[in-house]
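Remarks on the overall topology
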Amino acid sequence: MENALAVGALVCGLIAFVSTFWVSAHAISSWAGTLGFGVGLYSQYVSATTPQRALNIVGIVASFVGAALGIAHGGFLPH
């Protein structure tokens, strides 16, 4: 379960970060970033190994950046 949560946080973070390159994808970036940030924080809380924690931190940071830029580009709802 811990590995799946760590990978899930990383995937959500990557989706959120990559979708910030298109301003029109701000809703995807905002939602994926928020979801990845929450999953990453919970995953960090229950993680057992150092590699899981490393994936969690990368996922949390990417999710935060993606969510912040998604919100700055237009927020959670599409135009």
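Now for a look at the structure at hand.

Over its 21 residues, helix α2 (residues 26–46) runs 30 Å from end to end, which matches the ideal 30 Å to within 8%, given 1.5 Å per residue. Regarding α2, the residues found buried are H26, A27, S29, S30, A32, G33, G36, G40 and S43. Looking at the buried residues of α2, the elements they touch are α1 (2–18) and α3 (50–73).

This paragraph deals with the environment of L35. Mapped onto the elements, L35 comes out in helix α2. When the C-alpha positions of L35 and A9 are compared, they lie 8.0 Å apart, and in sequence the two are 26 residues distant.

Looking now at the packing of aromatic side chains. Going through the model one piece at a time under the given rule, you end up with 3 aromatic pairs. Relative to F64, the ring of F37 lies with its centre 6.1 Å away and its plane at 45°, an arrangement referred to as tilted. Within this pair, whereas F37 is found in helix α2, its partner F64 is found in helix α3, the two being separated by 27 residues in sequence. Relative accessible area serves as the criterion here: at 30%, F37 is assigned to the partly exposed category.

What counts and what doesn't
- Residues numbered from 1 in each chain as written.
- Predicted model: local features only at pLDDT ≥ 70, side-chain atom pairs only at ≥ 80, totals over all residues.
- Heavy atoms only, no water.
- Helix = DSSP H or I, 4+ residues; strand = E, 2+ residues; numbered from the N terminus.
- Expected span 1.5 Å × (residues − 1).
- Buried < 20%, exposed > 50% of the residue type's maximum accessible area, 1.4 Å probe, protein only.
- Contact = heavy atoms within 4.5 Å.
- Phe/Tyr/Trp six-rings, centres within 6.5 Å; stacked < 30°, edge-to-face > 60°.

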